[in-house]
Amino acid sequence: KVQAPPHARACGPAGSRARRAGRMLRRLALLACVLRCCRPSLSARHVGQAPITADLGGRGPEREDAEGLPQQLFAGPGTVRVMQWNVLAPSLAQGQERPITANETLEQYRSLPLSWPGGMHRFRVPEAEPDGTVPRAANHYMFRATKADLAWSRRKGKILDALSRAFGEQYGVDFVCVQEIEHAFFFEVIEVLSEQRVTKEDRSSLGRHGRMHTTANSGNAIEGLFYQKRGRYARDGCAIFWNNEKWRLLRPWGVRLMQDQVMVALMGRFVLRTDPAKEIVVATTHLKSGFTGAMEERRLEQAQALYDGVLKKFCADSNKNKLNSVPLILAADLNSPCRPWYSTATRGEAMEAEEEGGGPVEAAQSFEDANVVLEGPIQPSVVSFLEGAAGFQNACKVAGPAGGSYPLYTSWTGRQDREVKAVLDYIFVKHEQLGDGAGQDAGGAGPELRTAFEFFDFTSERAFQKFAEARLERLPNADHPSDHVALVASIACWPDA
């Protein structure tokens with residue numbers, strides 16, 4: 001770096017202004033560099049680009065997954081396409097210093113078979129305190145991926161690229177519901193997707209109601225809603241992005257689910273610009289985490305508060321007390337599996353056998369003998385409530401002998417002391433024209449719900465499974481920025497359209 005001689009350098013107030021101007025120019029140049037890295041996906045739209053394949057570990061047109069191309073998702077005037085994704089907040093993405101190949105617990109991770117049906121598994125039986133409580137391990141929140149792979153500067157570009165392609169020609173979604181998104185990143189998404197800078201003045205002048213922010217009426221191609229969690233130290237929240245050229249926001253609402261908890265819900269009522277008779281309510285939320293029966297009971301309370309105290313009120317106020325007169329789509333990270341699950345741990349004697357040179361599975365007669373059940377089976381009360389009393393229908397059906405069911409899992413999280421594998425992310429729909437099962441006021445089901453579903457960036461469910469199975473880090477990892485996979489559902493909300 002060439003510097004001017006000391007006697008020629010600016011000094012005093014003029015020099016200070018020059019240095020400040022220089023720093024500002026460098027910051028603007030850095031911002032322009034970031035935007036250039038993210039913008040190509042907006043112009044190219046990645047048309048015809050091959051999704052991630054399990055053995056390739058990345059994107060590229062030179063390989064195709066053996067399972068074939070994704071199913072052709074139907075589209076039409078009565079179809080709404082929704083994407084659901086928990087992007088993993090920067091404050092929660094804590095990684096380890098060394099790669100997993102240098103971890104002394106590598107064999108522990110390999111001891112858990114790929115056929116493990118899911119739930120939560122600890123690699124050591126937790127030792128209880130004298131009062132019976134089980135303290136959390138020091139590495140309870142630590143992912144197996146490295147700090148470098150989980151750095152926000154690296155993950156942010158991947159998330160922005162995925163969101164831009166979601167609204168592009170390849171996926172063409174109408175709405176994207178996001179959890180664990182922070183306030184500053186919300187506006188970055190708007191900037192990148194709309195290719196228009198949002199200044200501080202713009203942020204203050206845009207709609208803001210308490211912790212809820214909206215870019216509605218800004219004239220951008222993509223607009224959004226954001227509502228922050230209500231905890232003192234909470235920085236993330238929920239967001240809804242939508243195609244503003246197709247949908248217009250009529251009314252937004254963000255609310256805390258329960259007064260003594262931090263979790264919130266965000267929703268909006270939209271109208272189709274080409275057909276004012278078609279209106280829809282899109283809602284999102286993020287329920288409390290925790291793989292215990294007690295946490296499932298708390299999530300059930302939150303789900304009941306969401307439906308009875310929030311969604312019913314919002315829809316009734318908008319529809320002259322007729323709850324089902326417009327389609328209601330709920331896309332959320334419920335943190336609640338759809339099937340009964342167990343909390344297990346590796347037995348101490350199995351761990352001792354491993355330290356002596358043998359694996360826990362080889363040291364025991366079977367995998368079940370090498371592990372102990374800490375709790376379970378725990379019943380999925382949240383999904384049962386939503387499908388039962390609330391009358392929602394699953395929009396993320398995969399092919400099966402029973403005509404379609406939930407995926408095997410949408411998150412396989414690899415932490416240093418445990419693994420969590422379950423369906424945690426959902427897209428539900430409720431509408432009187434589609435039939436509401438047990439929750440339908442009029443009684444009797446209407447036409448069968450017509451949906452198509454896929455894993456974003458994967459050619460099939462099996463491709464996603466092979467992707468997670470091939471990496472001992474599981475999710476997140478160097479190629480996938482979140483511990484959740486993004487889901488895309490195509491829903492025929494108006495079958496007669």
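Residues numbered from 1 in each chain as written. Predicted model: local features only at pLDDT ≥ 70, side-chain atom pairs only at ≥ 80, totals over all residues. Heavy atoms only, no water.

### Describing the overall build of the protein chain
Threshold: Strands here mean DSSP runs of E at least two residues long; helices mean DSSP runs of H or I at least four residues long; both are numbered from the N terminus. Three labels apply to residues, based on accessible area from a 1.4 Å probe with only protein chains included: buried if under 20% of the type maximum, exposed if over 50%, partly exposed otherwise in between. Any two residues whose heavy atoms approach within 4.5 Å are treated as being in contact. Surface accessibility in these figures is a Shrake-Rupley result with a 1.4 Å probe; residues are shielded only by whichever protein chains are displayed.
Broken down by element type, the protein chain carries 12 helices and 21 strands. When burial is assessed residue by residue, the protein chain has 54% of its 497 residues classed as buried. Looking at the protein chain alone, contacts between residues at least 24 apart form 75% of all its contacts between residues at least 6 apart. As presented, the protein chain carries roughly 22700 Å² of accessible surface, and 50% of it is formed by carbon and sulfur atoms.

### Side note on the pattern of salt bridges
Selection criterion: Counted as salt bridges are all cases of a side-chain nitrogen of Lys or Arg within 4 Å of a carboxyl oxygen of Asp or Glu.
Per the stated rule, a full pass over the model turns up 17 salt bridges. Note that Glu-188 is salt-bridged to Lys-156, the shortest N-O span being 3.1 Å. In this pair, Glu-188 is assigned in helix H6 (residues 183–194) and Lys-156 in helix H5 (residues 152–166), connecting sequence segments 32 residues apart. Judged by its relative accessible area of 16%, Lys-156 falls in the buried class. Two residues, Glu-419 and Arg-474, come together in a salt bridge whose shortest N-O distance is 3.6 Å. Pair noted here: Glu-419 is in strand S18 (residues 418–422) and Arg-474 is in the loop between helix H12 (461–469) and strand S21 (487–492), with a separation of 55 residues, a long-range link. According to the relative accessible area criterion, Glu-419 is buried, its value standing at 0%. Residues joined in a network through salt bridges with shared partners are Arg-144, Glu-419 and Arg-474.

### Things to note about the environment of Gln-302
With respect to the helices and strands, the residue Gln-302 is situated in helix H8 (residues 293–318). Setting aside residues no more than four positions away along its own chain, Gln-302 makes contact with Leu-257, Met-258, Gln-261, Met-263, Leu-287 and Lys-288.

### Focus: the pairing of strand S13 (residues 328–333)
To keep it simple, the criterion reads: Each pair of strands is called paired provided DSSP finds at least two bridges between the two strands.
Within S13, six of the six residues are buried, leaving the element largely enclosed by the surrounding structure. Residues Leu-328, Leu-330 and Ala-332 point to one face of S13 and Ile-329, Ala-331 and Asp-333 to the other, with burial holding for every one of them. Across three bridges, the pairing between strand S12 (residues 275–285) and S13 is parallel. Looking at S13, one finds that Ala-283 is bridged to Leu-330. As defined by bridge partners, S13 adjoins strand S19 (residues 425–430) across six bridges and the pair is classed as antiparallel. When the bridges of S19 are listed, Ala-331 appears paired with Ile-427.

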